[in-house]
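Each chain, written out:
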Amino acid sequence: MSDPSPRSGILDIAPYVGGVSALEGQKRIIKLSSNENAFGPSPLAQAAYTQAAEDLHRYPDGDCTELRNAIADLNGLEAERIVCGAGSDEIISLLCQAYVGPGDEVLYSQHGFLMYPISAKAAGATPVFALESDLTSDVDALLEKVNENTSLLFLANPNNPTGTYLSGDELWRLRQGLRDDIILVIDAAYAEYATRDDYSSGKDLVDGGGNVVMTRTFSKIYGLGGARLGWGYCPAGIADVLNRIRGPFNVSTPAMEAGLAALGDCGFIDKARAHNDTWLAWTREQVLALGLETPPSAGNFILIKFPVKPGQNSAIADAADAFLNSRGIIVRRMAAYGLEDCLRITIGLEDEMRAAVGALKEFLEQA
Ligand SMILES: Cc1ncc(COP(=O)(O)O)c(C=O)c1O
């Protein structure tokens, strides 16, 4: 009897590995590895999630009507063109399932989010990346990679793991340079943290009608990564397609209820954003003062580049990671992104950031 085999290409996919959350022998852990909200979930969202347990025997509203209406009201969008999913990962995957297959190319930026190549390969398509400049997506390099097979382009803005972003004008230039039949997906998972004037989440481009989709998540500033909730804002035709292929009940009732409550807790979001503004700036300043490189970040994390020994790209970053672990601090290794000499650190609570910077200093002094 022979083993069943998956479609060609599936076994070439390296599974996504999430942030580590425990360390052997360490009781007190400071987890700065998954860009989660430093304050946890909003207490209102937590209460709504718990309340939803009473109706666990009921199927959810498969259309997420109340949630889509609330998202639309808050963001000035059309509810009919919002599609909700189990995290924005699901929207990314549905877009690939629906629009690409063997022979198609899916374009993304060199250090773009790993789920883009994974979802492209899962759909049988070929992922293609364009080089970045100074760890920032490069519109001209992306446009140069476009050919007759290009069907989809994913751009995380701000990007994870680099933290860098393209201005609204650059996004517009990118869309203008693409054929009309190429879908541009602007992944704005960190939009709520991006406070600079020239930043745009991409919603105007979606409304502009040019085959642009914006994806968003409840996993970052809304603090609901464990509930799995995200959404896409799409042209009507694309929303219709995604609604045809998604699971009929792809968002659970507790996730929906928690999301609704989180949207209403503006004070919590404002507090999280203000905290991030302060401690992102502080952490970057401290890291630069230690003589390490770190690109400017518009998200809730920073990428730190460590010096490299000849022929040993990752030696110092590896040693720094091990040292942080020995202090109970978990950050994210970046080898899967081709950034072996880097670590990514999420902005946590004040004492967590002081501990992380203190440990980095100690590491460099003894290195
Ligand atoms: C850029 C980017 N897009 C999408 C996601 C996926 O988020 P979700 O939890 O909504 O699936 C992440 C999560 O880290 C991310 O960094």
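The model shown is predicted, which means the values in this text are computed figures rather than measured ones.

Observations regarding the sheet that holds strand S3 (residues 105-109)
What the seven strands build is an open sheet, ordered S2-S8-S7-S6-S5-S3-S4; its pairing is mixed. Edge positions in the sheet fall to strand S2 (82-85) and strand S4 (126-130), since each has one partner strand and no second. Sheet twist, expressed as the mean angle between neighbouring strand axes with direction ignored, is 20 degrees. As paired elements, S2 and strand S8 (residues 230-233) share four bridges and run antiparallel to each other. Its bridge partner being in S8, Val 83 is matched across the sheet by Gly 232.

Looking at the pairing of strand S7 (residues 212-217)
Burial of S7 is extensive: six of the six residues sit out of reach of the surface. Neither face of S7 is exposed, since Val 212, Met 214 and Arg 216 on one face and Val 213, Thr 215 and Thr 217 on the opposite face are all buried. Bridge count for strand S6 (residues 183-187) against S7 is four bridges, and the pairing is parallel. Across the sheet, the residue bridging to Leu 184 is Val 212, located in S7.

Topic: the site of the ligand
The full set close to the ligand counts 13 residues, and Ser 88, Asn 160, Asp 187, Thr 217 and Ser 219 are the nearest of them. One of the backbone N or O atoms of Ser 88 is found 2.7 Å from an oxygen atom in the ligand. A distance of 2.6 Å separates an oxygen atom of the ligand from a polar atom in the side chain of Ser 219. For the ligand, the protein covers 94% of the area, taking 400 Å² as the surface of the free molecule. Across the shell around the ligand, the residue classes tally to four nonpolar, five polar and four charged.

Reading the values: the criteria
Residues numbered from 1 in each chain as written. Predicted model: local features only at pLDDT ≥ 70, side-chain atom pairs only at ≥ 80, totals over all residues. Heavy atoms only, no water. Pairing = 2+ DSSP bridges. Helix = DSSP H or I, 4+ residues; strand = E, 2+ residues; numbered from the N terminus. Axes fitted to C-alpha atoms, helices over the stretch in contact; angles between N-to-C directions. Buried < 20%, exposed > 50% of the residue type's maximum accessible area, 1.4 Å probe, protein only. Near = heavy atom within 4 Å. Polar contact = N/O pair within 3.5 Å; in protein donor to acceptor, adjacent residues only side chain to side chain. Areas by Shrake-Rupley, 256 points an atom, 1.4 Å probe, with all protein chains shown as cover. Nonpolar A, V, L, I, M, F, W, Y, C, P; charged D, E, K, R; others polar.

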